[in-house]
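Coordinate analysis (summary)
Listed below are the residues making up each chain.
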Amino acid sequence: MKKLALSMLAVLTSLSFGAWSADHEVKMMTQGTEGQSLVFEPSYLKVAVGDTVTFKPMQKAGHTSYSIFEPSGATPWKAQPDMEIKVKLDKEGIYLVECFVHKTLGMVAVLQAGKPVNLAEAKQKAAEESAKMMVGKDRFEKALAQVK
Ligand SMILES: [Cu+2]
């Protein structure tokens with residue numbers, strides 16, 4: 001009986017681990033739903049530490065999800081053009097994401113896992129990147145303004 005209780009506990013524990021981490025979706029769009037060109041939707045997303053985010057290309061235009069800034073200890077990612085990628089945000093803080101092909105056209109996103117422990121560094125990196133953009137220079141700033 002004790003053995004059965006223990007194995008039941010093991011099953012329950014593994015089930016609840018599965019339920020704790022959610023998957024979120026970010027679309028990579030040539031034309032956004034509000035008419036803007038070259039966007040991640042949403043361009044700001046807050047998740048729990050340990051959640052996953054799936055980047056989905058909605059049109060073929062060479063869209064790629066590259067992380068250009070992560071919390072310390074987090075693994076950077078680079079998706080292939082027009083390919084979906086699922087990433088796990090297992091470190092707390094802000095992640096900055098760009099489409100490699102359209103980064104100078106403001107195709108960027110901000111992800112937040114848990115508390116924004118690296119917000120100051122993220123803002124600095126975002127400002128450096130925004131200075132290189134031809135259009136959409138304010139997109140990082142607008143997304144970062146939503147961090148809470
Ligand atoms: Cu793109």
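Below: a short report on this structure. (Residues numbered from 1 in each chain as written. Predicted model: local features only at pLDDT ≥ 70, side-chain atom pairs only at ≥ 80, totals over all residues.)

1. Focus on unusual backbone geometry
For clarity, the threshold we go by: The helix and strand labels rest on DSSP assignments: H or I over at least four residues marks a helix, E over at least two residues marks a strand, and numbering proceeds from the N terminus. Here exposure depends only on C-beta density: within 10 Å of a residue's C-beta, 20 or more other C-beta atoms make it buried, 12 or fewer make it exposed, and intermediate numbers make it partly exposed, the C-beta atoms being placed from the backbone.
Here the residue pair Glu41 and Pro42 is connected by a cis peptide bond, since its omega of -5 degrees sits within 30 degrees of zero. Following the sequence through the fold, Pro42 ends up in the loop between β2 (37-41) and β3 (44-47). Of note in this structure, Leu38 is not a glycine but carries a positive phi near 55 degrees. Here Leu38 is to be found in strand β2. Using a count of 22 C-beta atoms within 10 Å as the deciding quantity, one classes Leu38 as buried. In this structure, Asp82 takes a positive phi of about 60 degrees despite not being glycine. Along the chain, Asp82 falls in the loop between β5 (66-69) and β6 (85-88). Take Asp82: there are 14 C-beta atoms within 10 Å of it, and that puts it in the partly exposed class.

2. Let's talk about the sheet that holds β3
The condition that has to hold: By definition, two strands form a pair when at least two bridges between them are found by DSSP. Lines fitted to the C-alpha atoms define the axes, with helices restricted to the stretch that makes contact. Angles between their N-to-C directions range from 0 to 180 degrees. C-beta atoms are placed from the backbone for every residue, and two residues are taken to be in contact when these atoms lie within 7 Å.
Within the open sheet, the four strands sit side by side as β3-β8-β7-β5. Their pairing is mixed. Each edge of the open sheet carries a strand with a single partner, namely β3 and β5. Each adjacent strand pair in this sheet contributes to an overall mean axis angle of 30 degrees, direction not counted. Across three bridges, the pairing between β5 and strand β7 (residues 93-98) is antiparallel. In the sheet register, Tyr66 faces β7, and the bridge partner there is Glu98. Sheet strands touched by helix α2 (residues 119-131): β5 and β7. Its angle to β7, the strand with the most contacts, is close to 15 degrees.

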